[in-house]
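Examination of the molecular architecture
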Amino acid sequence: MTPPPMTAAFDSIAQIEHIVRKFRELIDTDASIPSELRGMLHATLDHHLIAAKKRVLNVVRTQ
């Protein structure tokens, strides 16, 4: 069984991934965003997603 802090961390990560997925959908469906910019926006989202996951996991490790 997963300890409660890890369960909370996984729930937080799932919420973060959901938010990022919604931003990706917005980026991909907004015709006013040039295609060159879309790639850069997705790369930025990837960077922030990885950083957010690390922060969440670091909080759990320090508890």
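Structure first, text after, so check above.
The present account deals with the structure reproduced in this document. Keep in mind that this is a model prediction, so the values were computed, not measured.

**Some words on helix α1 (residues 4-29)**
The end-to-end C-alpha separation of α1 is 37 Å, in line with the 38 Å expected for 26 residues at 1.5 Å each. Along α1, the residues that are buried comprise Ala-9, Ile-13, Val-20 and Ile-27. Buried residues along α1 sit in contact with α2 (35-62).

**Looking at the side chain of His-42**
On the secondary structure map, His-42 appears in helix α2. Judged by its relative accessible area of 17%, His-42 falls in the buried class. With near-sequence residues (within four places) excluded, His-42 lies in contact with Arg-24, Ile-27 and Asp-28.

Criteria and cut-off values
Residues numbered from 1 in each chain as written. Predicted model: local features only at pLDDT ≥ 70, side-chain atom pairs only at ≥ 80, totals over all residues. Heavy atoms only, no water. Helix = DSSP H or I, 4+ residues; strand = E, 2+ residues; numbered from the N terminus. Expected span 1.5 Å × (residues − 1). Buried < 20%, exposed > 50% of the residue type's maximum accessible area, 1.4 Å probe, protein only. Contact = heavy atoms within 4.5 Å.

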